[in-house]
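Topology and contacts: notes
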Amino acid sequence: MIQYFKKKIDSKLVLILATFYAVTLSISFAKKSYFKFNGLEYTKTSWSDLFINYFILDYIVIMIFISLATLTTKMLIDKKLNWKLILVIHFSLSISLSFFINIVSALFLITIGKLSFSQIKVYDYLNAIMQVLDVNFLSYFSMVLIIYTFYYIKKNKEVEIEATIIKTQLTSAKLNLLKSNLQPHFLFNTLNSISALVDINKKQAQNTIADLGHLLRELLDVGNKNLISLQQELDMLVRYINIIEVRFSDHFLFTSDIDDELLDCSVLSLLLQPIIENSIKHGYDYETTDLEVHLSIEKENDRILILISNNGKLLEKDFALSEKNIGIKNTLERLKTTYNNDYQYLMKNKSDKSGVITYISIPYIG
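Residues numbered from 1 in each chain as written. Predicted model: local features only at pLDDT ≥ 70, side-chain atom pairs only at ≥ 80, totals over all residues. Heavy atoms only, no water.

Moving on, we get to the packing of helix α2 (residues 11–37) against helix α3 (residues 47–79). One can describe the packing of α2 onto α3 by two numbers: an axis separation of 10 Å at closest approach and a directional angle of 155°. In terms of their interaxial angle, α2 and α3 are classed as roughly antiparallel. Our pair here, α2 against α3, has a crossing hand that is right-handed. Tallied by class, the residues present in the contact of α2 with α3 amount to 18 nonpolar, three polar and three charged. (Axes fitted to C-alpha atoms, helices over the stretch in contact; angles between N-to-C directions. Helix = DSSP H or I, 4+ residues; strand = E, 2+ residues; numbered from the N terminus. Parallel < 35°, antiparallel > 145°, perpendicular 65-115°, else oblique. Left-handed = near helix turned anticlockwise from the far one by under 90°. Nonpolar A, V, L, I, M, F, W, Y, C, P; charged D, E, K, R; others polar.)

Right, dumping it as structure tokens:
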């Protein structure tokens, strides 16, 4: 039971509540001491009884009750109940506090022999309860306010820590993504293509250098942005395609059909390039020397539908080619994280076995 309480109740919160009520009770005891000293009240109560009954005993009883109330409040927070029900529960507990104090105090005094059952008068006890009902009501809700404030601040700190961790992970993921999307072989092949073009077609060599420079700059400009406009995504893709077309010359054809109304919507950054790179990397074989890739993006209801098809080599039955590809794996992980599983991704062979098609469905974000 003790371990359960330790697990459910934060020790810092208990210390805050204990300090708060100790200060409150000290003020209350000082007031009672003033009344007794001036003969206004508590004249028949000894100083030791006054201290024990109205400070020590009161403090112990209240802290027991508040510990239970703290545990109850934590459970209410965890279960995320309706606020009306939560209010009813706390109101009931605040009213029962006065009864709890008097009943437990009476039982304690009976146990130590300072009170007998015959001395207990229900009417007098009800009067005593009614006299402190409003004070205990306010005390209870003051401490409940402290409890909710404590957990609210704690939750905010946890969210800030999680946000910092996520930001760090995102930065690391971006760097890994840059590495996976622009593997050294891509850069080496591009540089070799540029080198070969220098003597043959200087203008095209210059254009390719410009495309590579723009692509690298745009990738860096994306920074930690997880969502960018479709226009930005397509701009980066165009740079990539221009470089690919230089490498494969007349053996590669890229076509697209994009709904212009979607250019301003937000999509996952670097979503298209890894999939098209995968189509190129695994599409060529001995039977397919001329590769065609088509990109289609349209809106259907509140979703964006992306289709990337090619006429290249078919996928193996276990889809090993796609699942072992780092770029595709990273893309799937980012889709899952960004859209909270609200996405669809399917890569399969076309029904007529004429190539491979990739289907992606994501929420429309204007």
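Another point: helix α8 (residues 230–248). For α8, which comprises 19 residues, the first-to-last C-alpha distance of 26 Å matches the rise-based estimate of 27 Å (1.5 Å per residue) to within 8%. The positive-phi residue at the C-terminal boundary of α8 is Ser249, with phi of around 50°. (Expected span 1.5 Å × (residues − 1).)

Our focus in this paragraph is empty space enclosed by the protein. Considering all chains together, one arrives at two cavities of 30 Å³ or more under this definition. Contributing to the lining of the largest cavity are Asn278, Ser279, His282, Gly283, Asn310, Lys313, Leu315, Met347, Val356 and Thr358. Contributions of two or more residues to the lining of the largest cavity are made by α9 (272–283) and β7 (356–363). The leading source of residues in the lining of the largest cavity is α9, at four residues. Taken together, the residues of the lining of the largest cavity break down into three nonpolar, six polar and one charged. (1 Å grid on protein atoms, 1.4 Å probe; cavity = no way out; pocket = protein on both sides within 12 Å on 5 of 7 lines; lining within 4 Å. Points joined across faces, edges and corners; volume = space filled by probe spheres on them.)

Scanning all chains against the criterion turns up two salt bridges. Of the charged contacts, one joins Arg239 and Asp211 as a salt bridge, the two residues approaching to 3.5 Å between their closest N and O atoms. Of this pair, Arg239 sits in helix α8 while Asp211 sits in helix α7 (residues 202–222); the two residues are 28 residues apart in sequence, bridging distant segments of the chain. A salt bridge links Asp342 to Arg303; the shortest N-O distance between them is 3.2 Å. Taken as a pair, Asp342 in the loop between α11 (326–338) and β6 (344–349) and Arg303 in strand β5 (residues 303–310) lie far apart in primary sequence, 39 residues in all. (Salt bridge = Lys/Arg side-chain N within 4 Å of Asp/Glu carboxyl O.)

Below, the discussion takes up the packing of α8 against α9. Pairs of packed helices are described in terms of their axes, by the angle between the two and the distance that separates them. α9 packs onto α8 with a crossing angle of 20° between their chain directions and a minimal axis gap of 10 Å. Here α8 lies roughly parallel to α9, going by the angle between them. Where α8 crosses over α9, the two elements pack in a sense that is right-handed. Here α8 contributes Glu233, Leu234, Leu237, Tyr240, Ile241, Ile244 and Phe248 to the contact with α9, which in turn contributes Leu272, Gln273, Ile276, Glu277 and Ile280. Classifying every residue of the contact of α8 with α9 by side-chain character gives nine nonpolar, one polar and two charged. (Contact = heavy atoms within 4.5 Å.)

Alternating positions in β6 separate cleanly, Tyr345, Met347 and Asn349 being buried on one face and Gln344, Leu346 and Lys348 remaining unburied on the opposite face. Judged from the six bridges that link them, β6 and β7 form a sheet pairing that is antiparallel. For Met347, the partnering residue across the bridge sits in β7 and is Thr358. Counting the residues in the hairpin turn of β6 and β7 gives six residues, including Lys353, whose phi is positive at 60°. (Buried < 20%, exposed > 50% of the residue type's maximum accessible area, 1.4 Å probe, protein only. Pairing = 2+ DSSP bridges.)

With respect to the helices, strands and loops of the structure, Asn207 is situated in helix α7. A sequence separation of 35 residues divides Asn207 from Asn242, and the C-alpha atoms of the two residues are 8.9 Å apart.

In this section: the packing of aromatic side chains. For any pair of aromatic rings, geometry is given as the distance between the ring centres together with the angle between the planes. Evaluated as defined, the whole model comprises six aromatic pairs. With a centroid separation of 6.0 Å and 75° between ring planes, the pair formed by Phe91 and Phe137 is classed as edge-to-face. One end of the pair, Phe91, is in helix α4 (residues 83–111); the other, Phe137, is in helix α5 (residues 122–181), and 46 residues separate them in sequence. Residue Phe91 is classed as partly exposed on the basis of its relative accessible area, which comes to 45%. Given a relative accessible area of 26%, Phe137 falls into the partly exposed group. Measuring from centroid to centroid gives 5.5 Å for Phe150 and Tyr151, while their planes differ by 80°, and the two rings are edge-to-face. Taken as a pair, Phe150 and Tyr151 share a single burial class, namely buried. An aromatic cluster is present here, built from Phe91, Phe137 and Phe141 joined pairwise through their rings. (Phe/Tyr/Trp six-rings, centres within 6.5 Å; stacked < 30°, edge-to-face > 60°.)

Let us now look at the sheet that holds strand β2 (residues 252–258). Strands sit in the order β2-β4-β5-β7-β6 across an open sheet of five strands; the sheet is mixed. The outermost strands of the open sheet, each flanked by one partner alone, are β2 and β6. Across this sheet, the average inter-strand angle for adjacent strands is 10°, counted without regard to direction. Running over the sheet, α8 touches β2 and β4 (291–300) and is turned about 165° from β2. Where α9 meets the sheet, its contacts fall on β2, β4, β5, β6 and β7, and the angle it forms with β4 comes to roughly 150°.

Together, Phe51, Ile52, Ile56, Ile60, Ile64, Leu68 and Phe108 make up a nonpolar patch on the protein surface, roughly 560 Å² of accessible area in all. Mapped onto the elements of the fold, Ile52 is located in helix α3. (Patch = residues over 30% accessible without salt bridge, like charges linked within 9 Å, V, L, I, M, F, W, Y side chains within 5 Å. Areas by Shrake-Rupley, 256 points an atom, 1.4 Å probe, with all protein chains shown as cover.)

Mean pLDDT over the protein: 79, with 83% of residues reaching 70 or higher. Element-level mean pLDDT values for the protein span from 47 in helix α10 (residues 320–323) up to 94 in β5. (pLDDT = per-residue confidence, 0-100.)

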